Amino acid sequence: MSWAFWPARAAWRRASARDEADFDAPIKSVPQSCCRVWANGVAQVVASEQSCSSIAGRRRAGQKAQLMEQIAQLRQQIQGNVEQEQAKAREIDWIQQELAGVRGLWKQSLVPFSA
């Protein structure tokens, strides 16, 4: 490969980095400096960079989908924990009512004390 296309490759990488910062937008155009130097394999380098950019975009989309799924699962887990807490609070309330009734019966000597 010739050293002539290295400035074009660097310009392509800068443009690629700008477009990748947009996350959802594909690389739209080749910088003008790249268009002037298509000799000695620059076309392959450009295609390689586009492929890498495309792969990076798909990887980010996959990671985003995984994180969204984790968020949904954690929300469901939180909802389940809230419902469990409410059920335990009702259970404690019922047990306290039952205990108050048993204590009333014990004061009247209607139930034996057992440890």
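Just above, that's the structure.
As the structure is a computational prediction, the values presented were derived from the model and not from experiment.

J.: Sorry if this is basic, but what is going on with the overall build of the protein here?
T.: What the protein contains, in helices and strands, is 3 helices and 0 strands. The proportion of buried residues among the 115 residues of the protein is 15%. Counted over contacts in the protein with a minimum sequence separation of 6, partners at least 24 positions apart contribute 53%.

J.: I would appreciate a short explanation of unusual backbone geometry in the present structure.
T.: For residues other than glycine, phi is negative in most cases, and the peptide bonds are mostly trans. One non-glycine residue with positive phi stands out, namely S109, at about 60°. The topology assignment puts S109 in the segment after helix 3 (42–107).

Calculation rules
- Residues numbered from 1 in each chain as written.
- Predicted model: local features only at pLDDT ≥ 70, side-chain atom pairs only at ≥ 80, totals over all residues.
- Heavy atoms only, no water.
- Helix = DSSP H or I, 4+ residues; strand = E, 2+ residues; numbered from the N terminus.
- Buried < 20%, exposed > 50% of the residue type's maximum accessible area, 1.4 Å probe, protein only.
- Contact = heavy atoms within 4.5 Å.

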